[in-house]
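Observations on the three-dimensional arrangement
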Amino acid sequence: MAYLPIVPQRLIEITQLFSVHYFEYTSSYRFSGESHDFWELLYVDNGVVQVVAGEETHNLSRGQMIFHQPGEFHALSANGAVAPNLVVVSFQCRSPAMDFFRRRILFAGAVERTLLARVVEESGAAFSTPLNDPNTQTLTRRSGGPEGSEQLLTMALEELLIRLIRQGESLPDPRRSRLSQVDGLPAAIAEYLEQRLDQPLTVEQVCRDNMIGRSQLQKLFHQQTGGGVMEYFSRMKIKAARQMIRDGHLNFTQIAEKLGFQSVHYFSRRFRAITGMSPSEYADSVKMLAEASQSLSDNRTNNV
């Protein structure tokens with residue numbers, strides 16, 4: 001019996017690398033801009049930057065990334081208050097699937113951040129070119145570098161792009177109406193909070209990263225939710241905690257740490273204040289409901 005092979009399909013194929021950077025800019029940094037005939041990914045690892053992309057201007061904060069398509073003029077500047085850290089990767093990819101990234105601003109979750117870190121790590125292993133040199137025009141291979149670093153770098157970047165295409169989640173197109181909202185809040189702020197459930201945010205930090213005044217922010221949240229931004233953020237954390245408890249993969253201490261609580265005791269107090277029960281009480285009630293649901297499903301199957 002003869003085996004019949006297939007050639008694996010490649011959704012994304014990166015054919016050339018031009019630069020990989022990790023920049024730690026000052027709060028006053030400004031880049032006047034350029035354009036080139038290949039793709040460029042810019043990810044904000046910390047702080048806030050204003051990015052010009054063609055005829056549009058965007059304010060990006062930690063966790064957001066933008067893709068500059070070939071031929072698109074782009075520039076950036078810090079906001080004068082926060083020193084930004086950026087990952088910038090320039091590459092050639094002529095795969096039709098890259099059309100997804102045109103005029104897109106996306107959020108990086110934990111998996112995407114890990115892949116970006118791998119790109120930076122493997123670049124440092126593969127090339128002697130400094131990661132923080134803004135004048136890099138060609139990468140210099142490192143003598144005696146570990147085998148396969150360039151391939152691992154490319155694979156991580158391709159996986160990142162594929163995962164972003166799969167999730168298909170982006171901020172609202174800034175050319176369209178800003179009415180896209182979550183719980184009556186601007187989607188950008190709601191997404192900002194969602195991406196930082198593992199952090200102990202402050203009102204000042206939320207205002208700074210979203211370039212909004214404290215009174216304006218608090219007024220917005222009181223109008224739409226009846227409470228303050230920190231109360232809303234706390235409820236988001238507890239909602240995530242309830243999901244983690246249902247998943248059953250982490251204990252309460254691990255959940256508290258994962259969601260940025262000071263201690264498991266403080267987590268338990270916040271959980272009870274919002275849900276009316278302790279985490280263990282909630283876990284028991286979920287198990288009871290799950291068993292009842294499964295029993296009902298089994299009965300229905302037996303009666304068919």
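What counts as what
Residues numbered from 1 in each chain as written. Predicted model: local features only at pLDDT ≥ 70, side-chain atom pairs only at ≥ 80, totals over all residues. Heavy atoms only, no water. Pairing = 2+ DSSP bridges. Helix = DSSP H or I, 4+ residues; strand = E, 2+ residues; numbered from the N terminus. Axes fitted to C-alpha atoms, helices over the stretch in contact; angles between N-to-C directions. Buried < 20%, exposed > 50% of the residue type's maximum accessible area, 1.4 Å probe, protein only. Contact = heavy atoms within 4.5 Å. Core = buried A, V, L, I, M, F, W, Y, C linked by side-chain atoms within 4.5 Å. pLDDT = per-residue confidence, 0-100. Phe/Tyr/Trp six-rings, centres within 6.5 Å; stacked < 30°, edge-to-face > 60°. Lys NZ or Arg CZ within 6 Å of the ring centre and 35° of its normal.

1. Regarding the sheet that holds strand 3 (residues 39-46)
The strand order 1-8-3-6-9 describes an open sheet built from five strands, whose pairing is antiparallel. Single-partner strands in this sheet number two, and they are strand 1 (16-24) and strand 9 (105-107). The average undirected angle you get between the axes of adjacent strands in this sheet is 20 degrees. Alignment of strand 1 against strand 8 (residues 85-92), held across eight bridges, turns out to be antiparallel.

2. Structural notes on unusual backbone geometry
Even without a glycine there, the phi angle at Arg-103 is positive, about 60 degrees. With respect to the element layout, Arg-103 can be found in the loop between strand 8 and strand 9.

3. Here's the deal with the environment of Cys-207
You can see Cys-207 is positioned in helix 4 (residues 203-210). Overall, the relative accessible area of 9% leaves Cys-207 in the buried class. Leaving out residues up to four positions away in the same chain, Cys-207 has contacts with Ile-212, Gly-213, Arg-214 and Leu-217.

4. Let's talk about helix 4
Inspection of helix 4 places Val-203, Val-206, Cys-207 and Asp-209 among the buried residues, and these make up the whole buried set. After helix 4 finishes, the residue Met-211 shows a positive phi value of roughly 50 degrees.

5. Remarks on the sheet that holds strand 4 (residues 48-53)
In sheet architecture, strand pairing relies on hydrogen bonds along the backbone and comes in two forms, parallel and antiparallel. The strand order 2-7-4-5 describes an open sheet built from four strands, whose pairing is antiparallel. Edge positions in the sheet fall to strand 2 (30-34) and strand 5 (56-61), since each has one partner strand and no second. Going from strand to strand, the sheet's axes swing by 15 degrees on average, the running direction of each strand aside. With three bridges connecting them, strand 2 and strand 7 (residues 74-78) associate as antiparallel partners. Directly across from Phe-31, in strand 7, lies its bridge partner Leu-76.

6. Notes on the nonpolar core
In terms of nonpolar packing, the biggest core is built from 31 residues, with Leu-41, Met-65, Phe-67, Phe-91 and Phe-101 touching the most fellow members. Of all hydrophobic cores here, the second largest spans 29 residues; its members include Val-206, Met-236, Ala-241 and Phe-271.

7. Structural notes on the confidence of the model for the protein chain
For the protein chain, per-residue confidence averages 84 on the pLDDT scale, and 87% of positions sit at 70 or higher. Within the model, the stretch residues 169-184 combines pLDDT values under 50 with 27 contacts to residues more than four positions away or in other chains.

8. Some remarks on the packing of aromatic side chains
Enumeration over the complete set of coordinates arrives at 10 aromatic pairs. Ring centres 4.8 Å apart and planes at 20 degrees place the aromatic pair Phe-23 and Tyr-25 in the stacked group. The two residues Phe-23 and Tyr-25 agree in class, both being buried. Their ring planes at 5 degrees and their centres at 3.6 Å tell us that Tyr-25 and Tyr-29 sit as a pair that is stacked. For Tyr-25, a relative accessible area of 13% translates into the label buried. Among the aromatic side chains, those forming a connected cluster through ring pairs are Phe-261, Tyr-266, Phe-267, Phe-271 and Tyr-282. The ring centre of Phe-100 lies 4.1 Å from the NZ or CZ of Arg-104, which sits over that ring.

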